[in-house]
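Breakdown of the fold
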Amino acid sequence: MLVTPMTQASPIPASAVPLLSLAAVGLAPVWWLATPATLCAGLGFYMLHNTLQTHATQMAPERRGAAVSAFASCFFMGQATGVGVAGLLLAHVGTAALLVGGALGLLAVALDFSRRLRMK
């Protein structure tokens, strides 16, 4: 089978692209190498978002509207909070450490979500 059924989709492959892209942007020695990595990061976040949203719709089929609205609320509030925290940290740790730290945080989220899916 070429495509994994959505009920079995894992966030690990979907998170690999933005994880590697964030690390590449943070560690790029010249600015122009960050351009394709940023493009890949956007594609990877799109893939990860779709995987997580698919699982959110399947977690509580009888309360799908509430599940998706909770997912969207947490997703966007987390984005807004993350930008604020990153802005405060930037002056103290620098851009490279901030982006690599974000990549490691993304890995932690993907591993935890994958572990929780296996427990289900």
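These figures come from a predicted structure and were not determined experimentally.

What counts, and where the lines are drawn
Residues numbered from 1 in each chain as written. Predicted model: local features only at pLDDT ≥ 70, side-chain atom pairs only at ≥ 80, totals over all residues. Heavy atoms only, no water. 1 Å grid on protein atoms, 1.4 Å probe; cavity = no way out; pocket = protein on both sides within 12 Å on 5 of 7 lines; lining within 4 Å. Points joined across faces, edges and corners; volume = space filled by probe spheres on them. Helix = DSSP H or I, 4+ residues; strand = E, 2+ residues; numbered from the N terminus. Nonpolar A, V, L, I, M, F, W, Y, C, P; charged D, E, K, R; others polar. Axes fitted to C-alpha atoms, helices over the stretch in contact; angles between N-to-C directions. Parallel < 35°, antiparallel > 145°, perpendicular 65-115°, else oblique. Left-handed = near helix turned anticlockwise from the far one by under 90°. Contact = heavy atoms within 4.5 Å.

What follows concerns the layout of surface pockets. Size it by volume and the largest pocket reaches roughly 1100 Å³. Contributions of two or more residues to the lining of the largest pocket are made by helix H2 (34-59), helix H3 (64-93) and helix H4 (95-119). Broken down by element, the lining of the largest pocket gets its largest block of residues, 11 residues, from H3. Residues belonging to the lining of the largest pocket are distributed by class as follows: 19 nonpolar, seven polar and no charged.

Between H2 and H4, the shortest axis-to-axis distance is 13 Å and the interhelical angle comes to 30 degrees. The orientation of H2 relative to H4 falls into the category roughly parallel. In the crossing of H2 with H4, the sense of the turn from one axis to the other is left-handed. Seen from H2, the contacting residues are Phe 45, Leu 48, Leu 52, His 55 and Met 59; seen from H4, they are Leu 106, Phe 113 and Leu 117. Taken together, the residues that form the contact of H2 with H4 break down as seven nonpolar, one polar and no charged.

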